[in-house]
Number of protein chains: 2
Amino acid sequence: MNAPERGFPDEEYRARLRRAQSAMVEAGLDALLVTTEADVRYFTGFLTRFWESPTRPWFIVVPAVGLPIAVIPSIGAPLMGRTWLHDVRSWRAPDAEDDGVSLLGEALREVAGPAGIVGTPMGPETHLRMPLGDYARLAERIAPMRLRSDAGLVQALRRVKSDREIAKIHHACAIADRAFAHVPEIAGPGVPLSTVARRFQALCLEEGADWVPYLACPCDAGGYADVISPADDRPLAHGDVLMLDTGLVHDGHFCDFDRNFAIGHATPATRDAHRRLIEAVDAAMTLARPGARACDLFHAMDAIVTGGAGGSDTGRLGHGLGTQLTEGPSLVPGDTTRLEPGMVLTLEPGIEVSRGRILVHEENIVIRETGAEFLSTPAAPGIVVLGAAG
Amino acid sequence: MNAPERGFPDEEYRARLRRAQSAMVEAGLDALLVTTEADVRYFTGFLTRFWESPTRPWFIVVPAVGLPIAVIPSIGAPLMGRTWLHDVRSWRAPDAEDDGVSLLGEALREVAGPAGIVGTPMGPETHLRMPLGDYARLAERIAPMRLRSDAGLVQALRRVKSDREIAKIHHACAIADRAFAHVPEIAGPGVPLSTVARRFQALCLEEGADWVPYLACPCDAGGYADVISPADDRPLAHGDVLMLDTGLVHDGHFCDFDRNFAIGHATPATRDAHRRLIEAVDAAMTLARPGARACDLFHAMDAIVTGGAGGSDTGRLGHGLGTQLTEGPSLVPGDTTRLEPGMVLTLEPGIEVSRGRILVHEENIVIRETGAEFLSTPAAPGIVVLGAAG
């Protein structure tokens, strides 16, 4: 599979802006303010790993009419200057006296008017990536303008992906598919878990990942205690179950799925648990189509993995996926979001094998007009057993 | 160099807590609330890559007297249960109705009393990692308790590293040193930049990095336009200058330094620029000792790289380093922080070679009682030239 061309044509961003502006009119917003990596990228295409540095705030102002304005640290101005944006304003950050607040206030007043209403994400699964003190100063400075919740507007826009976005996520999944296929060559009894983690990340890079922002690799006898542990230096032992769960990135788009491996041999309980996880994924796939609700997929899987207990401590059985490792909707009992064509989801059922020991399986799918398609190559019901590594 | 043992003994966390609580008393705070990866880890040792998922909020409550309380999503409870904390409270997140707010409110009231004062980071280089709407709900729920700025208390604590922390950062630096030494084998004229980026990350892993959260690799003729660009697929060309700037992690601790490479050959202008960057680092090293101010190091370097113009668009000439890629203090004219033994800093001068073309060099150092020591192995004044890669 050839890599999709890097970046997007301007038309992609124009379409996003049109949708945003039509939703803003409906919501009574004169401007949007976004501050996080995924939201900034959504409106601009600004792609950098520099978000790893929490020092500097970044602001994009989306007016109800007209083009977005970037109000950003000067260190990012050349890169932002290569996006489709025309209006890039910058200051030398960090500046403890005024870290962009006055510049941002001016931009907001310009586009939203002296008594305008500015929406910013404030709801579940969001945060504001700027100092709280500066946010208070901004609110004061721009009054009588008001800052209020965008009521989930930006998340709703991002939830439905274009074909171009889906192609990028699909490509990331294909890279992970190939990396997982090589795991028998890098892991087996006696290999330290941290070595497996390093080698697996190297495989992801070799197969074409630009970078590997996420890897969890819990491993324990007959199942693992949690799904977010990093690797330690303990060697893999016969009877362990190893999970590799990766969020790798290509051109700024994530995959997020895992594979389980039995070390040396698999007990009947392990084999059975793995088979039921695959059944749960298949049950969700049968329902996954436009009109079904996020909670419907949850219940289909929960019926199989807990007998319908209503969930477990991992908290959800799947989620949205795109330029974030995880995003909405959430496959939980309380999420009644209707699925739409273009939504990309993970199906991530977990099952308790014995007290405090679980297995979790994950696949990535896209909702199409008439059903759903796998973006990851779905795993077979039989768990892969790893012998001596090459 | 052997890797330092993973994690810290409980004594490390007890010492942090003692310092925090003594500062809290002085600041009139009954409790601290922290929400970000580095702050949560500082008080608990909780280490996971799951912060890549922005979905769930995580809360640590530090009382003025007694042990910290974790109020966290149940998906993290087993891992948090393996830290030194005794009191771990959890809920099944995400929960759009109440994503930990009531549980957090109870914990705060318990430790800070009905009219207590709770500090949380609100100043420069901080943010609150929870939904703004939930923060407003929390404030309402706990009134008449008050949430106010911690006045930089947590940042001040984290700024001074223990010998155990310094050993971990030093180890991360040594891994990067070894990876940089292999660059001539993986990069040269004709190799696509994105391939160089992949191979370099693989080198970092091979040399012992747990993961590689940051890599910038700008590359252009005679110098680059910015320092935060990700790699594209363009092949390296004769006359290019390539910068590899990596923040790799070992056991949760970062290094952050770069190396420059001339592709095929180096012009006299490139050689001279590189030599002056090394001079600038040396000038800062001469001053770097307890009592010197962050701004003093800035001016020492700025005199050499801009002739004393007072800075450039990259915004600062170095910064703190630890469990974040970048943290305070900032080497800028306005930062008068006094250096103390145990502070780990980057020295990161940049120089304009021609209009819009820069070179930036970076080393990592630690402040000791009588001066400073390099944690990265300092680069020689002569820029490394890359011929055909192996």
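**Topic: the sheet that holds strand β6 (residues 146-149) of chain B**
Residue and element names in this part refer to chain B.
Then, in step 1: Here we have 6 strands laid out as an open sheet, ordered β4-β3-β2-β1-β5-β6, and mixed in their pairing. Two strands lie at the open edges of the sheet, namely β4 (87-91) and β6, each paired on one side alone. Going across the sheet, the axis of each strand differs from the next one's by a mean of 25°, ignoring polarity.
Then, in step 2: As paired elements, strand β1 (residues 31-34) and strand β5 (residues 117-120) share 2 bridges and run parallel to each other. Bridge pairing links Ala-31 to Val-118 in β5.

**As for the packing of helix α7 (residues 163-181) of chain A against helix α9 (residues 193-206) of chain A**
All names here are of chain A.
Then, in step 1: Taken N-terminus to C-terminus, the directions of α7 and α9 make an angle of 130°; their axes are 8 Å apart at the nearest point. One way to sum up the angle between α7 and α9 is to call them oblique. In the crossing of α7 with α9, the sense of the turn from one axis to the other is right-handed. On the side of α7, the interface is formed by Ile-175, Ala-176 and Ala-179, while α9 contributes Phe-200, Leu-203 and Cys-204.
Then, in step 2: By residue class, the composition of the contact of α7 with α9 is 6 nonpolar, no polar and no charged.

**Things to note about the packing of helix α10 (residues 268-287) of chain A against helix α11 (residues 294-305) of chain A**
Residue and element names in this part refer to chain A.
Then, in step 1: One way to put it is that α10 packs onto α11 with a least axis distance of 8 Å and a crossing angle of 155°. Of the possible angle classes, the one that applies to α10 and α11 is roughly antiparallel. α11 is crossed by α10, and the crossing has right-handed handedness. Of the residues in α11, those touching α10 at Arg-276, Leu-277, Glu-279, Ala-280, Ala-283, Ala-284 and Leu-287 are Asp-296, Leu-297, Ala-300, Met-301, Ile-304 and Val-305.
Then, in step 2: Considered class by class, the residues forming the contact of α10 with α11 number 10 nonpolar, no polar and 3 charged.

**Brief notes about the relation of the copies chain A and chain B**
Then, in step 1: The two copies are related by a screw motion: chain A maps onto chain B through a turn of 180° and a shift of 0.0 Å along the axis, at an RMSD of 0.0 Å. Accordingly, the operation relating the two chain copies is best matched by a two-fold axis. Every residue of chain A has its C-alpha some distance from the rotation axis, and the shortest such distance is that of Ala202(A), at 2.5 Å.
Then, in step 2: A symmetric contact is evident, with 99% of the interface residues of chain A recurring at the interface of chain B.

Scoring rules and cut-offs
Throughout, a residue's number is its position along its own chain's written sequence, starting from 1. A letter from A marks each chain and a number from 1 marks each ligand, given out in the order of writing. It should be noted that, the model being predicted, local features are given only for residues of pLDDT at least 70 and side-chain atom pairs only at 80 or more, the latter also being counted only at that level, while totals for whole chains, interfaces and linings use all residues. Only strands joined by at least two bridges in the DSSP assignment are considered to pair. Helix numbers and strand numbers start at the N terminus; a helix is a DSSP run of H or I with at least 4 residues, a strand a run of E with at least 2. Axis definition: a line fit to C-alpha positions, over the contact stretch in the case of helices; interaxial angles, taken between N-to-C directions, run 0 to 180 degrees. Throughout, the term roughly parallel applies to angles under 35 degrees, roughly antiparallel to angles over 145, roughly perpendicular to angles from 65 to 115, and oblique to all others. If you view the pair so one helix is near and one far, a crossing is left-handed when the near helix is turned anticlockwise from the far one by less than a right angle, and right-handed when it is turned clockwise. We call two residues in contact whenever the C-beta atoms placed from their backbones are within 7 Å. Under the scheme applied here, ten amino acids are nonpolar (Ala, Val, Leu, Ile, Met, Phe, Trp, Tyr, Cys and Pro), four are charged (Asp, Glu, Lys and Arg), and all others, including Gly, are polar. A least-squares superposition brings the copies together, and it is based on the C-alpha atoms of residues with pLDDT no lower than 70 in both.

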